[in-house]
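# Analysis of the macromolecular model
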Amino acid sequence: MRPDKNTVRQLLSLSDDELIAVIKKLCEDNRIDSSTFSIGKREIGILRTVLANASDADIEAFLKYFTGGNKNGR
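Residues numbered from 1 in each chain as written. Predicted model: local features only at pLDDT ≥ 70, side-chain atom pairs only at ≥ 80, totals over all residues. Heavy atoms only, no water.

## Some points on the overall build of the protein
Helix and strand counts for the protein come out as four helices and zero strands. Listed N to C, the secondary structure of the protein is α-α-α-α in terms of helices and strands. Counting over 74 residues, the protein shows a buried share of 22%. Counting only contacts in the protein whose residues sit at least 6 apart along the sequence, the fraction spanning at least 24 positions is 72%. Carbon and sulfur atoms make up 56% of the accessible area of the protein, which amounts to about 5600 Å² in all. (Helix = DSSP H or I, 4+ residues; strand = E, 2+ residues; numbered from the N terminus. Buried < 20%, exposed > 50% of the residue type's maximum accessible area, 1.4 Å probe, protein only. Contact = heavy atoms within 4.5 Å. Areas by Shrake-Rupley, 256 points an atom, 1.4 Å probe, with all protein chains shown as cover.)

So this is what it looks like as structure tokens:
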């Protein structure tokens, strides 16, 4: 699956606890120790603001950065 604005809308529709669970799962799947940083209500609020304002270009830049330029999102 390639993340896009629809993916962002789906993420924004999740409750804070559900969104935190998704973030922790993504970290786990990518061998990132989520215990090394805080994921609380404040951070989720900031994340929601960033996601709500993300353009298609922002999403593309994010994917390019985190996938090493792989256009398949992985």
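## A short note on the nonpolar core
Residues Leu19, Ile20, Ile23, Cys27, Ile39 and Ile44 constitute the largest nonpolar core, which totals six residues. If we ignore the near neighbours within four places in the chain, the residues touching Leu19 are Leu11, Leu14, Ile44, Leu47 and Arg48. Listed in part, the five residues of the second largest apolar core include Val8, Leu51, Ala54 and Leu63. (Core = buried A, V, L, I, M, F, W, Y, C linked by side-chain atoms within 4.5 Å.)

## Here's the deal with the pattern of salt bridges
A complete count under the given rule lists five salt bridges for this structure. The network of salt bridges with shared partners includes Asp16, Asp17, Lys41 and Arg48. (Salt bridge = Lys/Arg side-chain N within 4 Å of Asp/Glu carboxyl O.)

## Structural notes on the packing of helix H1 (residues 5-12) against helix H3 (residues 41-52)
Between H1 and H3, the shortest axis-to-axis distance is 10 Å and the interhelical angle comes to 150 degrees. Taken as axis vectors, H1 and H3 run roughly antiparallel relative to one another. Relative to H3, H1 is oriented so that their crossing is left-handed. Of H3, the residues touching H1 (which contributes Lys5, Val8, Leu11 and Leu12) are Arg48, Leu51 and Ala52. (Axes fitted to C-alpha atoms, helices over the stretch in contact; angles between N-to-C directions. Parallel < 35°, antiparallel > 145°, perpendicular 65-115°, else oblique. Left-handed = near helix turned anticlockwise from the far one by under 90°.)

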